[in-house]
Amino acid sequence: MLSRLTDLLLPPRCGGCLAIGTWLCERCRGRIRRLQEPLCRRCGAEVESARPDCGCRVRLRSLTRLRSAVAYEGPVEHAIHRLKYKGWRRLAGPLALLLAERLMVEGLAASAAVAVPLHPERARTRGFNQSALLVRELMVRMGLTEPPGRLVRTRPTPPQVGHDRLWRQNNVRGAFAWHGADLGGRSILVVDDVATTGATLEACAAALKAAGSGPVIGAAVARVTV
Ligand SMILES: [Zn+2]
Ligand SMILES: [Zn+2]
C-alpha cells in the first residue's frame, strides 16, 4: 500500500539511470540495444543468416511467433528490475511502448491479449503482476480486448533463471490452464516482461490453444541474448 502511494506521488525518475524528469530518459533510450537483423522469423532470436526458423519449431509448437522489443541489457534490464522488484509500476508504460512499437513495425496483430500469470503466492508477495501491467498498457495502445476468461498458473514453478533449455521446458510444461469460455479461434497475444528460451510463453500458448484459440503470438519486452 505504502509503495503504491509513493509510486504515485514521487516525480518521474528514470528506470535506467535514476535521473529525475521522465520514466525512461533520452540518454537511456539512446543506449537501448535493439535486436540485430537477421532474426529468426519464428522465434525472433538473432541468427547468423535469415531462415524461416532457427530450429525452434520443434520446441515452440504452439506459438506462431515470438517477438521481443529489445535486448535484455543496460537501461532496460535496470528498468525491468525496478518494475518487478522495487515496485516502480509506472515503468510499465514506457516498457510497453517499446514492445508495441516492435509489434506494429512487424505488423503483428492479435484480437486479444493476456499476461503470463504469476503463481498466486508470488502475486501476493509482489502485490502485482508486472506482465498484467504491460498488457493493460498494450490494450490501450494497440486496441486489444480482454478475452472471456483467465489464464492461470496451476502449480508453482521454480524460477527458470540459471537452467538450460530442456530443464526450463520441463519446468513449465502443463503449468498453465485457461479458465473461461472457449476462445473461438481468436488470435491472442501472450505477454511477458522477459523471454529467454520462450519456454514459459510456449507453455501458455499450449493452454490457450487447448482452449480453442487461433494463432498465439508470444511477446516480451526484452530478450536475453547470450
Ligand atoms: Zn536514464
Ligand atoms: Zn527460432
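A few points on the structure. Remember, predicted model here, so these are calculated numbers, not experimental data.

On the basis of which strands lie adjacent, the open sheet formed by four strands has the order β1-β6-β5-β2 and parallel pairing. The sheet terminates laterally at β1 (63-71) and β2 (112-115), the two strands that pair on one side only. Adjacent strand axes in the sheet meet at a mean angle of 25°, parallel and antiparallel pairs treated alike. As paired strands, β2 and strand β5 (residues 188-195) are joined by four bridges and run parallel to one another. By the bridge assignment for β5, Ala113 is matched with Leu189. On the sheet, helix α6 (residues 130-142) packs against β2, β5 and β6 (216-223) and is oriented at approximately 130° with respect to β5. Each of β1, β2, β5 and β6 touches helix α8 (residues 199-210); the most contacted strand, β5, lies at about 160° to it.

A few words on the coordination of the zinc ion (ligand 1). By definition of the ideal shapes, four donors in a tetrahedron about a metal sit 109.5 degrees apart, and six donors in an octahedron sit 90 or 180 degrees apart. On the protein side, the zinc ion (ligand 1) has Cys14 (SG), Cys17 (SG), Cys25 (SG) and Cys28 (SG) as donor atoms, found 2.3 Å from it. For the zinc ion (ligand 1), the four donor atoms in the first shell make angles of 106 to 115° at the metal, a pattern classed as tetrahedral. Each donor residue of the zinc ion (ligand 1) lies on one chain, and together they are spaced C-x2-C-x7-C-x2-C. Pair noted here: Cys14 is in the loop between α1 (2-9) and α2 (26-31) and Cys28 is in helix α2, with a separation of 14 residues, a long-range link. Here Cys14 and Cys28 have matching classes, each one buried.

About the thresholds
- Residues numbered from 1 in each chain as written.
- Chains lettered and ligands numbered in written order.
- Predicted model: local features only at pLDDT ≥ 70, side-chain atom pairs only at ≥ 80, totals over all residues.
- Heavy atoms only, no water.
- Pairing = 2+ DSSP bridges.
- Helix = DSSP H or I, 4+ residues; strand = E, 2+ residues; numbered from the N terminus.
- Axes fitted to C-alpha atoms, helices over the stretch in contact; angles between N-to-C directions.
- Contact = heavy atoms within 4.5 Å.
- Donors = N, O, S within 2.8 Å, 3.2 Å for Na, K, Ca; no water.
- Tetrahedral: all angles 85-135°; square planar, octahedral: opposite > 155°, others 65-115°.
- Buried < 20%, exposed > 50% of the residue type's maximum accessible area, 1.4 Å probe, protein only.

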